[in-house]
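Working through the structure, step by step
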Amino acid sequence: MTELSTFILILEGLLAGAGVTVVVTLVSLLLSVSLGFVLALVRQFGKRRALHALIDLYCEIMRNIPALTHLFILYFGLASIGFRLSSIAAAILGLGLIGGAVTCDLFRAGFAALPKGQAEAALAVGFTPFQTILDILTPQAMRIALPSLGNYAVQLLKDTSIVSAIAAPEIMFYARSMVTSSFQTTLIYTTVALLYLALALPLMQAIRILENRYGRLKA
Amino acid sequence: MNRFIQPYVDNAGEWLPLLLEAMGKTALLSICAFALSLVFGLLLAVCRNTRWRWLERGVALYVATVRGVPLLAILFLLYFGLPGAGVTFDAFTAAVLALALAFAAQVAELFRAGLMAIPAGQREAALAVGFTPYQSFTLIVLPQVVRISIAPLIVTFVSLLKDSSLASLITVDELALTGRAMATEYFLPLQIYVAVGLCYFLIAWPFSLLSKRLAPPAAR
Amino acid sequence: MNPLLRVTGLTKSYGPVEVLKGIDFKVAAGEKIALIGPSGSGKSTCLRCLNFLEKPSAGEIHLDGERIGVRLGRPMNDRQLAPQRAEMGMVFQLFNLWPHLSVTENVAIAARKVRGLSAREARELALDMLAKVHMTHRAAASPQELSGGQQQRVAIARALAQKPKLMLFDEPTSALDPELVHEVLKVMEELAAEGRTMLIVTHEIAFARDIADRVLFLDGGRIVEGGPARELILSPREPRTQAFLRQIRH
Ligand SMILES: Nc1ncnc2c1ncn2[C@@H]1O[C@H](COP(=O)(O)OP(=O)(O)O)[C@@H](O)[C@H]1O
Ligand SMILES: [Mg+2]
């Protein structure tokens, strides 16, 4: 009985951070997907070589450096030159900028998977190139990218735990502060794992439903 | 700009050896964890294709759980949590184990996808010439799976390398922790974290390039 | 005189569906048998049951007097089956060459790993077998670089390298472009002339007529009719055989 009441106490403590976890996840997801989509469009259909190189460089920098380091640069680094971000803002910005590079690749893979005939057919019936990209190619590319975007969303949810390192008050932050005041570490971190799992499972389920409804488009 | 660059010039002599040593630690941590995750992952993938249903279920459950739980939670559980249950690891071991356990699930999924990509006829032809099931697997199926999986495995290694930075949060003195310590000592967090980022980049980038080189043309 | 291969009461079911409903036939050493029949009649299943790639539901298979797949009344597993399978060479419809190995390695690897030949012996054997199928000039190539007909000839060489007592062919030319069929049939013709024992599932009726000693017509999981090749193909007795042959000629 005392075990159970401790568990409930811990859970209550952790839930205080769940809101921030969810908000950081959703807002940085939105930022990632918007940024990634624009980058993918420019990289896939743009004509400017210099812009391509710039986007490639951006993606490589995001891809090959840990999120933790990006967060430290944004939070501690920028603060030291007088550009102070709140921990939540730094978290969202950091995860969003990294996610932009990740989703850019996913969208590009979606566009690349489309048969050439799709664009040719659209142009042949009189669509402008711009209409072709937005009305014909994009919806199909989105569907192809959907499963990997879903995986990315789950990954992002988990990655928000890292922002506890810059003191953003999310689940892991509360867990770590609880630990310093108690010896129930095993129980606390098990509860943390279960809580993330509980948040991730509906997300995974939602992805599966979306995938079944919109995905699996056969060309 | 000059104000940003100048500290590097001034401190290069002190920073370089520190960062180099930390890069070594990060590399060691990542390589150990990746090697272990390959072993675990292959085992999991093989277990997922057996005739024992309970084993398959167990592996599927493990993979799904690890997919939903942050690495940081696994790391803290192993390092801070298990002592409460009477098991103690030093920080480096805990980090290797946590990374290996988490990435084994990804490796297993890659191997599984690779296994499923091999047509059944490949194994049948192997059995037909008189190979045992073990020979069919090691001589015919596995080499093909490895060939398919090598590019995504390298991508996974880069992810692991980046995630090894979380070991800094349980006091493993790799790049990220060294960076933190230096940032406090020199009061130059921007320059130092950028330098740390560059160090990671220098290790990870060649692998990213390699993975693109090895990927089949369609996936490029 | 004992037959080389003896199949008695061979039955195979997938769940409730009985695909083979009791097959009996014998193959004498050196005999060439063509197995014909409509698609879905169970030809592949029958062939694959012979080397136990499919486990028969009932019935017995004896090769050279030895019971296949059962030892001391107990079913054998894949590991125990390996030496028995090595006695039969199998050629698949889709070739199933191993893409990670060169042409020579495809042919040599079983000799090395199953029969224990040295690397040099196996290589020499492989080159001999490739010569038989006129593929020596592509010995170093990778299977993907070959045409379908060439791949199938390499697959035949791979089976020959087993020094099998019996060769099984499952529609070896069905996946080929029409202009490539001939080169494979020619190789098989040459093998037949060497006096090899061959069991061939095929839709090439003219080939069956000229090469086979006997033809078995399979339909609905049963052997409807069997007899000397020329006789059965030119003047089939059973209405179903007649209908099938009429259809396939047009
Ligand atoms: N693995 C299987 N599971 C269920 N049914 C099968 C399987 N393999 C073959 N069949 C069925 O058995 C019948 C005979 O197949 P097959 O031997 O391939 O015919 P054929 O080679 O004469 O065209 C077909 O109706 C097919 O659908
Ligand atoms: Mg067939």
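Within each chain, residue numbers correspond to sequence positions counted from 1 in written order. Chains and ligands are labelled by the order in which they are written, letters from A for the one and numbers from 1 for the other. Two thresholds apply to this predicted model, a pLDDT of at least 70 for residue-level local features and 80 or more for giving and counting side-chain atom pairs, whereas whole-chain, interface and lining totals are computed over all residues. The side-chain numbers reported here are obtained from all heavy atoms of the structure, hydrogens and water having been left aside.

Another aspect to go through is the overall build of chain B. Regarding its fold elements, chain B presents eight helices and zero strands. Only DSSP runs of H or I reaching four residues or more are called helices, and only runs of E reaching two or more are called strands; each is numbered from the N terminus. Ordered by position from N to C terminus, the α and β elements of chain B give α-α-α-α-α-α-α-α. Counting only C-alpha atoms, chain B reaches 70 × 50 × 25 Å along its principal axes. We call a residue buried when its accessible area falls under 20% of the maximum for its residue type, exposed when it is over 50%, and partly exposed in between, using a 1.4 Å probe and counting protein chains only. Out of the 220 residues belonging to chain B, those deemed buried represent 48%. In the structure as shown, chain B presents an accessible area of about 10300 Å², 69% of it carried by carbon and sulfur atoms. Here the positive residues are Lys and Arg and the negative ones are Asp and Glu; neither His nor the chain ends is included. Charged side chains are reduced to one point each, which is NZ for Lys, CZ for Arg, CG for Asp and CD for Glu. Charge separation in chain B, taken as the distance between the mean sites of 15 positive and 11 negative side-chain charges, equals 17 Å. To measure how exposed things are, a 1.4 Å probe is used in the Shrake-Rupley method; for residues, cover is taken only from the protein chains shown.

So, on to the site of ligand 1. All names here are of chain C. Any residue with a heavy atom positioned within 4 Å of a molecule or strand is treated as near that molecule or strand. Residues in contact with ligand 1, as listed here, are Y14, V19, P38, S39, G40, S41, G42, K43, S44 and T45. Two N or O atoms form a polar contact when they lie within 3.5 Å of each other; inside protein one atom must be a possible hydrogen donor and the other a possible acceptor, and for residues adjacent in sequence the pair counts only when both atoms belong to side chains. At a separation of 2.7 Å, an oxygen atom of ligand 1 approaches a polar backbone atom of G40. One of the backbone N or O atoms of S41 is found 3.3 Å from an oxygen atom in ligand 1. When ligand 1 is considered free in solution it has 560 Å² of accessible area, and contact with the protein chains removes 56% of it. With three residues, helix α1 (residues 43-50) is the largest single contributor of residues to the shell around ligand 1.

Time to look at the arrangement of the chains. Considering every one of the two pairs of chains in contact, the largest contact total is recorded for chains A and B. Here chain A and chain C are not in contact; the least distance found between their C-alpha atoms is 23 Å. Contacts between residues were defined by any pair of non-hydrogen atoms, one from each residue, lying within 4.5 Å.

For the rest of this paragraph, the subject is the UniProt feature "domain: ABC transmembrane type-1" (unreviewed entry) in chain B. UniProt positions are given in the numbering used here, feature names are shortened, and annotations may be inferred rather than shown by experiment. Mapped onto this numbering, the UniProt entry gives "domain: ABC transmembrane type-1" (unreviewed entry) at residues 23-211 of chain B. End-to-end, the C-alpha atoms of residues 23-211 of chain B are 21 Å apart, and along that stretch the chain is 83% helix and 0% strand.

The subject of this paragraph is the sheet that holds strand β9 (residues 166-170) of chain C. Residues and elements named next belong to chain C. A pair of strands is considered paired only if DSSP assigns at least 2 bridges between the two. The strand order across the open sheet formed by six strands is β8-β9-β10-β3-β11-β12, and the pairing between neighbours is mixed. Where the open sheet ends on each side, the last strands, each with one partner, are β8 (88-91) and β12 (222-228). Looking at each pair of strands side by side, their axes are set apart by 15° on average, direction ignored. Of the pairings in the sheet, the one linking β9 to strand β10 (residues 198-201) comprises four bridges and is parallel in character. Across the sheet, residue F169 finds its bridge partner in β10, namely I200. In the packing of helix α5 (residues 148-160) onto the sheet, the strands contacted are β8 and β9, and the crossing angle to β8 comes to about 170°. Lines fitted to the C-alpha atoms define the axes, with helices restricted to the stretch that makes contact. Angles between their N-to-C directions range from 0 to 180 degrees.

Mapped onto the elements of the fold, M62 of chain A is located in helix α2 (residues 49-63). Relative accessible area serves as the criterion here: at 10%, M62 of chain A is assigned to the buried category. Expressed as a C-alpha distance, the spacing of M62 of chain A and T138 of chain A, which sit 76 residues apart in the sequence, is 24 Å. Not counting residues up to four positions away in its chain, the partners in contact with M62 of chain A are H70, L97, I98 and A101 of chain A together with K162 of chain B.

Right, let's talk about the side chain of T21 of chain A for a bit. Within the secondary structure, T21 of chain A sits in helix α1 (residues 2-45). The residues contacting T21 of chain A, other than those within four sequence positions of it, are L157, T160, E170, I171, Y196 and L199 of chain A.

On to the UniProt feature "transmembrane region" (unreviewed entry) in chain B. All names here are of chain B. The sites that carry the UniProt feature "transmembrane region" (unreviewed entry) are, in the present numbering, residues 27-47, 59-80, 92-115, 136-161 and 190-210. Each end of residues 59-80 is marked by a C-alpha atom, and these two atoms are 25 Å apart; helix forms 91% of the span and strand 0%. Regarding residues 190-210, the helix share stands at 100% and the strand share at 0%, and the terminal C-alpha atoms are separated by 30 Å.

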